[in-house]
Amino acid sequence: MTGATPQEWEPVTTSGTIAVTNLHGQIDGLAVRLDRAGTGETPGAPLAVAQGAALIDLLNLRGHILGRVADYERAAELAERLVHVAPEDGTALLARARTRATLHRFAEAVADLGAAGRSGADEATLDAERAVVLQALGCYADATALIRKAAKRQSDFTTLGALAVLQAECGEVTEAERLFGEARRHYQGTSPFPLAQLDFRRGVMWHREGDLDAARACYEAARRRVPDYAPARGHLAEVELLREDPQAAVALLRPLTWASDDPEYAGHLAAALHACDRFQEANQWRERAAAGYDELVLRHPQAYADHAADFWLTVGADAERGLQLALQNLAFRQTSRAHALFQRAVLAQNRIAQTAP
C-alpha cells in the first residue's frame, strides 16, 4: 500500500526558519522577565507562574524541534521550582505534569494532573494530557475516549491530529491517513510547528508500515515547513539508509550532531559512516553515542532505555546490554513496541549464544 503524500492542502504559515529564530527570542525574553518577577514580586504570584509555565512549554517545544535534551531538563527544573513556590497552583502543576510526561515519568505526571484538577485546572486540558500518557502506555481505548471527550473544548485540528496519531499507533492506517488529511484541512494557525509535527507523525506511520516512499515524502514535507526540524531530518536519514544511500544519510545527520545533544543522531551517523566503509570515523561516533546514552539512561531511564537498547542492539554491538535495557524498558511500559524490542533483544542474545565456541 502506498501512502498519500501531504500535498492535498498546504496552509500558509510563517517561515520555519523565522519561527525557530522567534522561538529562541521568546524563550530568552520570557527567561529575563521571569528572573525579574522572581526578584521583584512574590515568586509564586499568578503572573510569575503564568510566565514560568509559558517558558516551560516553549522549552519543551524547542527541545522537540531541535533535539535538545538540555531544554527538556531545563523545563523540568523550572517546573519543579514553580510547584515548590506555588504548590496548589493548577497552572504550575499542569506544567510539571507535561515535563514529567515528556521524560516518560508517567505515574508522577498522572499524579500532577490529578492535583491540577483539584486546583481548578481546565478539565478538557487535563483530559488531553491524560490521553497523551495513556497512549504512551499503550492504553489506546482509554486514550481515544479522553480525546473525544476533550474534543468539545479543543480545536478540530488538535483533536483530529491527536486521533490520527492514535489510529496510526493502533495500526489503523487507512483511518489514520484520512484523519491526517482532515487535520491539515482544519488548520487555521500561522505557526509552522504543528503542521511539521503532523507531517512527521504521518511519516512515522508509513515508516513503520515499510512504505519508504510515503515516509520520505512526509518527512520532506515536515522539513520544508521547518528546515531545522531534527526528528524529521533524523528519520529521513534512516529512510536513506534503508534505501541504500548512506552518503545521503551522512549529509543529513552531520548537522544534527552539531546542533543536538541527543545521542541518537551520533549513533545513526556511526551506522551511516560504517555503511560508507569509513570505519574509523564510525567508531568515533559510536563511542560518542555510547557515552551519551550511558549518561541519559542514568538521568532519565524511563525516557531513554528503549533508545539505548536499540543502539546497543544495532551499531553498539552489545546484545547483552541491549537485552538488559529492553527488559528495563518493558518494566516501564507494557506496549507492543516495548515487547517487540524485548523480543529482538532476546533473539540477538540467542544468536550470540549459538555461535559461541
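Throughout what follows, the structure given in this document is the object of discussion.

Parameters and conventions
Residues numbered from 1 in each chain as written. Predicted model: local features only at pLDDT ≥ 70, side-chain atom pairs only at ≥ 80, totals over all residues. Heavy atoms only, no water. Helix = DSSP H or I, 4+ residues; strand = E, 2+ residues; numbered from the N terminus. Rg over C-alpha atoms; globule rule 2.2 N^0.38 Å. Buried < 20%, exposed > 50% of the residue type's maximum accessible area, 1.4 Å probe, protein only. Contact = heavy atoms within 4.5 Å. Areas by Shrake-Rupley, 256 points an atom, 1.4 Å probe, with all protein chains shown as cover. Lys, Arg positive; Asp, Glu negative; His and termini not counted. Charge placed at Lys NZ, Arg CZ, Asp CG, Glu CD. Salt bridge = Lys/Arg side-chain N within 4 Å of Asp/Glu carboxyl O. Polar contact = N/O pair within 3.5 Å; in protein donor to acceptor, adjacent residues only side chain to side chain. Axes fitted to C-alpha atoms, helices over the stretch in contact; angles between N-to-C directions. Parallel < 35°, antiparallel > 145°, perpendicular 65-115°, else oblique. Left-handed = near helix turned anticlockwise from the far one by under 90°. Nonpolar A, V, L, I, M, F, W, Y, C, P; charged D, E, K, R; others polar.

## Things to note about the overall build of the protein chain
Inference 1: Helices and strands together make up the secondary structure of the protein chain, namely 18 helices and 0 strands.
Inference 2: Computed over C-alpha atoms, the radius of gyration of the protein chain comes to 21 Å, within 12% of the 21 Å expected from 2.2 N^0.38 for 357 residues, which places it in the range of a compact globule.
Inference 3: Across its three principal directions, the C-alpha atoms of the protein chain cover 65 × 45 × 40 Å.
Inference 4: A burial count over the protein chain gives 51% of its 357 residues as buried.
Inference 5: Intrachain contacts of the protein chain at a sequence separation of at least 6 include 57% that bridge at least 24 residues.
Inference 6: On the protein chain, roughly 16600 Å² of surface is accessible, and the fraction owed to carbon and sulfur atoms is 52%.
Inference 7: Looking at charge distribution, the protein chain has the averaged site of its 38 positive side-chain charges lying 2 Å from that of its 47 negative ones.

## What to know about unusual backbone geometry
Inference 1: Within the chain, His104 stands out as a residue other than glycine whose phi angle is a positive 65°.
Inference 2: Residues other than glycine seldom take positive phi values, yet Glu244 does so here, at roughly 60°.
Inference 3: Here Glu244 shows up in the loop between α12 (230-242) and α13 (246-259).

## Some points on the pattern of salt bridges
Inference 1: Within the structure shown, the criterion is met by 29 salt bridges.
Inference 2: Here Arg62 ties to Asp71 by a salt bridge, and the two come within 2.7 Å at their closest N and O atoms. For the pair shown, Arg62 and Asp71 are each scored as buried.
Inference 3: One connected set of salt bridges, linked through shared partners, spans Glu80, Arg96, Arg100 and Asp112.

## With respect to the environment of Ser191
Inference 1: Tracing the chain through its elements places Ser191 in the loop between α9 (173-185) and α10 (193-209).
Inference 2: Residues Ser191 and Leu78, spaced 113 residues apart in sequence, show a C-alpha to C-alpha distance of 25 Å.
Inference 3: A polar side-chain atom of Ser191 sits 3.3 Å from the main-chain amide nitrogen of Phe193.

## Some remarks on the packing of helix α5 (residues 106-118) against helix α6 (residues 123-136)
Inference 1: At a minimum axis distance of 10 Å, the contact between α5 and α6 shows a crossing angle of 165°. The orientation of α5 with respect to α6, classified from their angle, is roughly antiparallel. Like other packed secondary-structure pairs, α5 and α6 cross with a definite hand, here left-handed. Mapping the contact onto sequence places Phe106, Ala109, Val110, Leu113, Gly114, Ala116 and Gly117 in α5 and Leu126, Glu129, Arg130, Val133 and Ala136 in α6.
Inference 2: Taken together, the residues of the contact of α5 with α6 break down into 8 nonpolar, 2 polar and 2 charged.

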